[in-house]
Amino acid sequence: RFSRNKYETAIHKKTLRDNGVKLLSAMENIPDTPEGIILESLLEGMNQYYSAELAQKVRRGMKETRLKGNYQGGGIPYGYKIEGRKIVIDEVKAEIVRYMYAEYSKGVFVKDIVKALAARGALYKGRPFAYNTVYDILKNEKYSGVYKHGDEVIENMYPRIIDPEIFQAVRRIVNANKFGKRSVKVDFLLRHKVKCGYCGESINAECGTARNGNRVYYYKCNGRKKRKNDCQKSVIRKEILESIILNSVITELSKPEIMETMINGLLKTQERQITENKTLELLQKEQRQIENALNNLVSAIERGITSKTTAKRLHELEERQEELERQIIIERSKTVTRLSKEDIRAYYEKALTLEPQMLVNYLIKEIVLFDDRIEIHFNSPIRTSPDDSQGFSFYSKQVELLSNIYFNAPATVKTVELVMYVS
């Protein structure tokens, strides 16, 4: 399906035509003639009408279902179950929900609620309750008997588990603690990009207050913070890590020999992927097998061997053959689009001109952090595998006083080794 909106279709076709691209339909043989214009417009209009009419019917049916207070599909919040077409209270789980609200309204922390539930053996989908699951339950208005859909307010769909007064009290606490104690005014450039090289957990942004009252910002391993394992990954100052990453990336990629190595490596990877397209080979192999099966079946029919099973099998093979042809066209189109040396160079040169946050988002895929080594994995304009990236890694070494970088590192001079991969 290209589109079911004639205006959207016209815009996209105009864009494609201006760029020298011709659009063909694999399912509809529309001739490139004046008559084809009429046929194409008729098909587009029918498709848009079908889509609009179906959407109207679905919306009308869903609204009627809501007004009747009937279950309309989708997930059911914890504490409820389905009987017939009605949502009813699951009393066993509802007691756990009431416990959460009662404790939280008294000022009990979510982490303590989770511990208490684990001690009681309460499970959520077969596992102990997670922090986010409890927070989602504490924010779900359905437990107060109210369900909102746009401007509609339905009060006869979800039976009330929590009194509105308790729900509003809990909501006020949740909203007050929405951002917790973390600073929302400080930008952590590497947020969601850093992973611990020892335990594999994410390294998250943190902040604290020093003895002199100053705010200190740093990155800390989530495994160490939550004590999920015995990881002893050192805490690293925000400004130091970000400075090392940005300076190293800009310095290294600005070197002509490094840029040339990366580009040549990516070009070799691209060429290898095009010549060794395993998916295309498998599709073509299956296509040949289908053709042989069809020929054998046709020969059997010509000899008078016919039955319902024969006709059914013939139909199945023909359908599979059509599907394979479409998939082969798609895979072949992937080999047609090649990035040139200039395209790859422009990709990285553009990244180096961006401001720091955009540079990180555009260029860096992942940072693996050790106490004495940093691995930087770059994004690539072509799709590569980990094995491909090993062929054009490059190294840089920075000597730093580690006591200035890590809070609990020994005050000795060590080498921070930067290993960079394109992946």
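Each value, and the rule that gives it
Residues numbered from 1 in each chain as written. Predicted model: local features only at pLDDT ≥ 70, side-chain atom pairs only at ≥ 80, totals over all residues. Heavy atoms only, no water. Salt bridge = Lys/Arg side-chain N within 4 Å of Asp/Glu carboxyl O. Helix = DSSP H or I, 4+ residues; strand = E, 2+ residues; numbered from the N terminus. Buried < 20%, exposed > 50% of the residue type's maximum accessible area, 1.4 Å probe, protein only. Pairing = 2+ DSSP bridges. Polar contact = N/O pair within 3.5 Å; in protein donor to acceptor, adjacent residues only side chain to side chain. Axes fitted to C-alpha atoms, helices over the stretch in contact; angles between N-to-C directions. Parallel < 35°, antiparallel > 145°, perpendicular 65-115°, else oblique. Left-handed = near helix turned anticlockwise from the far one by under 90°. Contact = heavy atoms within 4.5 Å. Nonpolar A, V, L, I, M, F, W, Y, C, P; charged D, E, K, R; others polar. pLDDT = per-residue confidence, 0-100.

## Overview of the pattern of salt bridges
Right, so step 1: In this structure the tally under the stated criterion is 22 salt bridges.
Right, so step 2: We note a salt bridge from glutamate 44 to lysine 13, for which the minimum N-O separation is 2.9 Å. Here glutamate 44 is found in helix H2 (residues 34-67), whereas its partner lysine 13 is found in helix H1 (residues 6-18), with 31 residues between them in sequence.
Right, so step 3: The partly exposed category is assigned to glutamate 44, whose relative accessible area is 21%.
Right, so step 4: Lysine 13 sits in the buried class, given a relative accessible area of 18%.

## Observations concerning the pairing of strand E10 (residues 373-378)
Right, so step 1: Counting buried residues along E10, 5 of its 6 residues qualify, which places the element largely inside the surrounding structure.
Right, so step 2: Remark: 3 residues form the turn of the hairpin made by strand E9 (residues 364-369) and E10, two consecutive strands paired antiparallel.

## Some thoughts on the side chain of asparagine 70
Right, so step 1: Within the secondary structure, asparagine 70 sits in the loop between H2 and strand E1 (80-83).
Right, so step 2: Within the structure, the side chain of asparagine 70 is placed 3.1 Å from the side chain of lysine 86, a separation counted as a polar contact.

## Quick notes on the packing of helix H8 (residues 238-253) against helix H13 (residues 356-363)
Right, so step 1: Between H8 and H13, the least distance of the axes is 11 Å, while the angle of their chain directions is 70°. By the angle between their axes, H8 is roughly perpendicular relative to H13. Crossing geometry of H8 relative to H13 is assigned as left-handed. Residues Leu246, Val249, Ile250 and Leu253 of H8 lie in contact with H13, whose contacting residues are Pro356, Leu359, Val360 and Leu363.
Right, so step 2: Across the contact of H8 with H13, the residue classes tally to 8 nonpolar, no polar and no charged.

## Considering the confidence of the model for the protein
Right, so step 1: Across the protein, pLDDT averages 81, with 85% of residues at or above 70.
Right, so step 2: Low pLDDT, under 50, characterises residues 385-392; the stretch is placed with 15 contacts to residues that sit more than four places away or in other chains.
Right, so step 3: For the stretch residues 396-415, pLDDT sits under 50, and the model shows 55 contacts to residues farther than four places along the chain or on other chains.

## With respect to unusual backbone geometry
Right, so step 1: Backbone geometry at lysine 125 places phi at a positive 55°, although glycine is not the residue there.
Right, so step 2: Mapping lysine 125 onto the fold places it in the loop between helix H4 (110-120) and helix H5 (131-139).
Right, so step 3: Non-glycine residue histidine 192 carries a positive phi angle of around 70°.
Right, so step 4: Secondary-structure assignment places histidine 192 in the loop between helix H6 (164-176) and strand E5 (194-196).

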